[in-house]
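These are the residues of each chain, in order.
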Amino acid sequence: MSDTLALTENPARGAHTSLLHSLIAQSPALIGIRANDGTYLYANDSFAQMLNLPAESLPGRHEDDVLRTAGVSRALRIGNDASVQVTHSEEEAVVGLRSRRFLITRFPLRAGDGEVIASGMIATEIGARTGTTANAAEYAEARHAELLHALEQMERLAYTDRLTGAWNRRHLEDAALLEMSRAERHGHSVSLLVLDVDHFKEINDQFGHAVGDYVLVELVRCIRSDIRHADTVTRWGGEEFVVLAPDTALREAEQLAQKLCARVSEAQLSSARPITISIGVAEYHCGEGFEHWLARADRVMYRAKDTGRNRVVADPYSAFASDGTRMACSPVELVWRESYRSGNERVDRQHRQLFEHANRLLHAVISHAPRAEVLEAMEVLVEDITAHFAEEEQLHHSIGFPAREAHTAEHGRLLAQATRLFERARQDAELPIAEVFQFLAYDVVAQHLVGADRQYFRYLETPSGNDM
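Given the structure is predicted, the values throughout are model-derived calculations rather than measurements. (Residues numbered from 1 in each chain as written. Predicted model: local features only at pLDDT ≥ 70, side-chain atom pairs only at ≥ 80, totals over all residues. Heavy atoms only, no water.)

(A) Local environment of the pattern of salt bridges. Inspection of the entire model under this criterion finds 25 salt bridges. A salt bridge links R77 to E63; its shortest N-O distance comes to 3.6 Å. Remark: E63 occurs in helix 4 (residues 63-70) and R77 occurs in the loop between helix 4 and strand 3 (87-95); sequence separation between them is 14 residues. With relative accessibility at 23%, the residue R77 sits in the partly exposed group. (Salt bridge = Lys/Arg side-chain N within 4 Å of Asp/Glu carboxyl O. Helix = DSSP H or I, 4+ residues; strand = E, 2+ residues; numbered from the N terminus. Buried < 20%, exposed > 50% of the residue type's maximum accessible area, 1.4 Å probe, protein only.)

(B) View of the environment of S225. When you line up the elements, S225 lands in helix 8 (residues 209-226). C-alpha of S225 to C-alpha of L260: the two residues are 35 residues apart in sequence and 9.6 Å apart in space. Engagement of the side chain of S225 in a polar contact is seen with the backbone oxygen of C222, the distance being 2.6 Å. (Polar contact = N/O pair within 3.5 Å; in protein donor to acceptor, adjacent residues only side chain to side chain.)

(C) Expanded view of the nonpolar core. One finds L334, F355, L361, L381, F439 and L440 to be the most contacted residues of the largest nonpolar core, which totals 31 residues. Setting aside its immediate chain neighbours within four residues, L381 contacts L354, H357, A358, L361 and L440. Core analysis: the second largest hydrophobic core is formed by 30 residues, V197, V220, L250 and L256 among them. (Core = buried A, V, L, I, M, F, W, Y, C linked by side-chain atoms within 4.5 Å. Contact = heavy atoms within 4.5 Å.)

(D) Structural view of helix 10 (residues 290-306). When the terminal C-alpha atoms of helix 10 are compared, their 24 Å separation across 17 residues agrees well with the 24 Å that a helix rising 1.5 Å per residue should span. G308 sits one or two residues past helix 10 and shows a positive phi near 130 degrees. (Expected span 1.5 Å × (residues − 1).)

(E) Just the packing of aromatic side chains, in detail. Following the criterion strictly, the structure yields eight aromatic pairs and no others. Ring centres of F290 and W293 lie 6.4 Å apart, and the angle between their planes is 85 degrees; on these two criteria the pair is classed as edge-to-face. Within this pair, F290 and its partner W293 are both found in helix 10, separated by three residues, close to a single helical turn. (Phe/Tyr/Trp six-rings, centres within 6.5 Å; stacked < 30°, edge-to-face > 60°.)

(F) Layout of unusual backbone geometry. A positive phi is found at H199, a non-glycine position, where the angle reads about 55 degrees. Position of H199 relative to the elements: it lies in the loop between strand 6 (190-197) and helix 7 (200-207). Residue R309 is not a glycine yet carries a positive backbone phi of 65 degrees. As for its placement among the helices and strands, R309 is situated in the loop between helix 10 and strand 10 (312-314).

(G) Molecular detail of the sheet that holds strand 10. Strand order in the open sheet made by the five strands is 7-8-6-9-10, with mixed pairing throughout. Of all the strands in the sheet, the pair left with one neighbour each is strand 7 (232-237) and strand 10. Pairs of neighbouring strands in the sheet enclose a mean axial angle of 20 degrees, with direction left out of account. Where strand 7 meets strand 8 (residues 240-246), five bridges bridge the pair, whose relative direction is antiparallel. Counted as the bridge partner of T234 is V242 from strand 8. (Pairing = 2+ DSSP bridges. Axes fitted to C-alpha atoms, helices over the stretch in contact; angles between N-to-C directions.)

(H) The arrangement of the pairing of strand 9 (residues 277-283) in detail. Counting buried positions along strand 9 yields seven of seven residues, so the element is predominantly enclosed. Going residue by residue along strand 9, you find I277, I279, V281 and E283 tucked away on one face and S278, G280 and A282 tucked away on the opposite face as well. The pairing of strand 9 with strand 10 spans three bridges and is classified as parallel. Within the sheet, the bridge partner assigned to V281 lies in strand 10 and is A314.

(I) Quick peek at the pairing of strand 6. The element strand 6 is extensively covered by neighbouring structure, given that eight of its eight residues are classed as buried. Residue alternation in strand 6 divides its side chains into two sets, V190, L192, V194 and D196 and S191, L193, L195 and V197, and both sets are buried. Bridge count between strand 6 and strand 8: seven bridges; the pairing is antiparallel. From the neighbouring strand, D196 faces strand 8, where its bridge partner is E240. Here strand 6 pairs with strand 9 via seven bridges, running antiparallel. Following the sheet pairing, V197 is matched in strand 9 by I277.

(J) Geometry of the environment of H407. By the secondary structure assignment, H407 is in helix 13 (residues 404-426). By relative accessible area, which is 4% here, H407 ends up buried. Put simply, H407 and F389 are 18 residues apart on the chain and 9.6 Å apart in space, counted from C-alpha to C-alpha. Residues contacting H407, with those up to four places away along its chain left out, are E392, H396, F401, H448, A452, D453 and Y456.

(K) Up close: the packing of helix 12 (residues 371-399) against helix 13. Relative to each other, helix 12 and helix 13 sit at 170 degrees, their axes nearing to 10 Å. The orientation of helix 12 with respect to helix 13, classified from their angle, is roughly antiparallel. Touching R371, L375, M378, E379, V382, I385, T386, F389, E392, E393, H396 and H397 of helix 12 are R404, H407, T408, H411, L414, L415, A418, L421, F422, A425 and R426, all from helix 13. Of the residues in the contact of helix 12 with helix 13, the class split is eleven nonpolar, six polar and six charged. (Parallel < 35°, antiparallel > 145°, perpendicular 65-115°, else oblique. Nonpolar A, V, L, I, M, F, W, Y, C, P; charged D, E, K, R; others polar.)

Put into structure tokens, the structure is as follows:
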């Protein structure tokens, strides 16, 4: 079942979510959800009882087959007519030999990109309780409205951080993928701001977690007062938050970050001690994955912390040239192939990251990007190569790789070569495109990552492990 249908498959998202799920599961109204192929994904107890079937037996069965077998008319078919909008109707259905009248709402369930992935139905019987027809209709409408509100609340809770009311990771990932798609198709700019509360551990240690929680709640309130309606704030984890800013290029995102940083430091979020934040900013660029984009913003956020806190640092890469025109994707890039996999998740993740950072440097050099951008891309790549080689050498020792000394010597040669290129760039010498490509494509990728590295793959004892 799709992860977007969390209201049915993962109801235990805190006490509020559990209560709402219980309301829906035990409601006298008939509630069902079916996939686009016509098979049921969910049915509450009332729906299943009307069909004279156990609720757990419905998922996976086709709707038409179930209704025909149960002797229920097609008036209670969820169908696909909710694929565009929510519809409300009053319909008569035959259940067994009895005609019954229902107030029915059909609605679509959408993925993060807006695509309809399932359809749902709430059917409340009119006249289910004694009284006049008018009173019965009013009662049905009232219960119907309550259930619709409960469904809306459950959907919101599935995407919301319980403490602060900010969006959660799941919502950010869905929203970011949608904005990335818009950027690729239509050339829209979009930026991420990663914010972290300075010295937050000290706040918890000195004043208690209640004060820490209060600071986080007030921080979200403060951020929301200064961002646009189109922007969203997400609690990524602990004291780290992410602002997604659609239609915002790097320069505007950096200005927003400076505004937030100043506003928080002036806001006196807690009487216990002054509160400040450090912010990293990164603009999305053509072809990168969400994890890489977020990692760029996260990396410069930590640079803001390392250089004094209460400040903003922006990743210098912009998807737009200085004249405001959007830069095209690089015509030359290194392509990761499945045949390069080692089978070790951590090794493969690091290798793919090196591909991404190498492509970023290639793009900066080929597009004659500002010197600061080339230097930043080169520095990041050298740092990643250095860290990866050091971790790989530890892995070689742990798995008893017999050729580890020769492999370590090769690491030293490549690092020296990378350092020389970096020094040339720092000295304001123009980097020849052919030399950069030769180093990245041939020496690092062809000769080492998919050449020499393959010699130790067979010594990995845990193919899918993370024991690097």
